[in-house]
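Understanding the architecture of this molecule
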Amino acid sequence: STTYTGVTGAASPAIASQRDQVWSWMVQKGWASSAGGTVSKPLDTVYVSAGGNDAGFAAVAESCIAADCSDDSASDEPWASATAAIGDLNDPGGAFETLHERFLPLVSSPSAIMISTYPDIGLKSSGQHCTGGESTLHNVDGLWDDWLSWVDQAEWNRMISWFMSPLNTQISATAGKFGWTVVS
């Protein structure tokens, strides 16, 4: 059994897509042709995290850092765009269908595609909102300390109810549609 853990989301055009990174690794292993299209040894499992970049999480998080985003109006930007983008993820030709079409040839069955839902990174294990320094995530150069100190409980609740929960619902719906395995 071989494990590969080195792909990253394609948040920028300079970073190859998750699928292209896996394909390159499979070519190096001799499990896929460099010309594309032919897989001699399908993967047992592919684990992906997808949807956050496509739905505009960065813009939503930035809006909560830059200004109070605790009110419940979904008509302002970037919330309206994010809500529409989350709805579009599972549409024909949407990001999740594209992901399915690109990864399916690499695996033995659709259930071998494992997709993760997004965790609530703003909660302590007790279920209370984190403030600076309390995130359950690994703190890299104070990133989470700084970010969480700028987002209060009401703003975080809005990000969960208007963005993360609908995104996770869409991820689960996609998994059911395509036969993927959801990992929470």
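Residues numbered from 1 in each chain as written. Predicted model: local features only at pLDDT ≥ 70, side-chain atom pairs only at ≥ 80, totals over all residues. Heavy atoms only, no water.

Overview of helix α5 (residues 95–103)
Our working rule: Three labels apply to residues, based on accessible area from a 1.4 Å probe with only protein chains included: buried if under 20% of the type maximum, exposed if over 50%, partly exposed otherwise in between. Only DSSP runs of H or I covering at least 4 residues are called helices, and only runs of E covering at least 2 are called strands; the numbering of each starts at the N terminus. Each C-beta atom gives one direction from the helix axis, and the arc is the one those directions make. In this description, contact between two residues means that some pair of their heavy atoms is separated by no more than 4.5 Å.
Among the residues of α5, those classed as buried are Phe 96, Glu 97, Leu 99, His 100 and Phe 103. Angularly, the buried residues of α5 cover 160° about the axis, an arc narrow enough to put them on a single face. Buried residues along α5 sit against α1 (18–29), β1 (46–48), β2 (113–116) and α7 (153–178).

Observations regarding the sheet that holds strand β3 (residues 181–183)
The condition that has to hold: At least two bridges found by DSSP between two strands are what make those strands a pair. Helix axes use the C-alpha atoms of the stretch in contact, all axes being lines fitted to C-alpha atoms, and the angles between their N-to-C directions lie in the range 0 to 180 degrees.
Pairing within the open sheet is parallel, and its three strands lie in the order β1-β2-β3. Of all strands in the sheet, those with a lone pairing partner are β1 and β3, marking the two edges. Each neighbouring strand pair of the sheet contributes to a mean axis angle of 25°, computed without reference to strand direction. When β1 meets β2, the two strands line up parallel, connected through three bridges. Note that in β2 the partner of Val 48 across the bridge is Ile 115.

As for the packing of aromatic side chains
Applied cut-off: Under the pairing criterion, centres of Phe, Tyr and Trp rings, with the six-membered ring standing for Trp, must be within 6.5 Å; the plane angle then separates stacked pairs below 30 degrees from edge-to-face pairs above 60, leaving the rest tilted. Lysine and arginine charges are scored as sitting over a ring when NZ or CZ, respectively, is within 6 Å of the ring centre and within 35 degrees of the ring normal.
One pass over the structure, following the stated rule, counts four aromatic pairs. A ring pair is formed by Trp 25 and Trp 31, whose centres lie 5.2 Å apart and whose planes are at 90°; its orientation type is edge-to-face. Of the two residues, Trp 25 and Trp 31, both sit in the buried class. With centroids separated by 6.4 Å and ring planes inclined at 85°, the aromatic side chains of Phe 96 and Trp 180 adopt a geometry described as edge-to-face. In this pair, Phe 96 is assigned in helix α5 and Trp 180 in the loop between α7 and β3, connecting sequence segments 84 residues apart. Each member of the aromatic cluster is reached from another via a ring pair, and the members are Phe 96, Phe 178 and Trp 180. The positively charged end of Lys 41 is found above the aromatic ring belonging to Trp 31, 4.3 Å away from the centroid.

A look at the pattern of salt bridges
Here is the rule we go by: By definition here, a salt bridge exists when the distance from a side-chain nitrogen of Lys or Arg to a carboxyl oxygen of Asp or Glu is within 4 Å.
By the definition in use, this model includes two salt bridges. Taking the shortest distance from any N to any O, the salt bridge between Arg 19 and Asp 20 comes out at 3.7 Å. Take Arg 19: its relative accessible area is 16%, and that puts it in the buried class. Residue classification places Asp 20 among the partly exposed residues on the basis of a relative accessible area of 31%. We note a salt bridge from Asp 20 to Arg 102, for which the minimum N-O separation is 2.4 Å. With Asp 20 in helix α1 and Arg 102 in helix α5, this pair connects stretches of sequence that are 82 residues apart.

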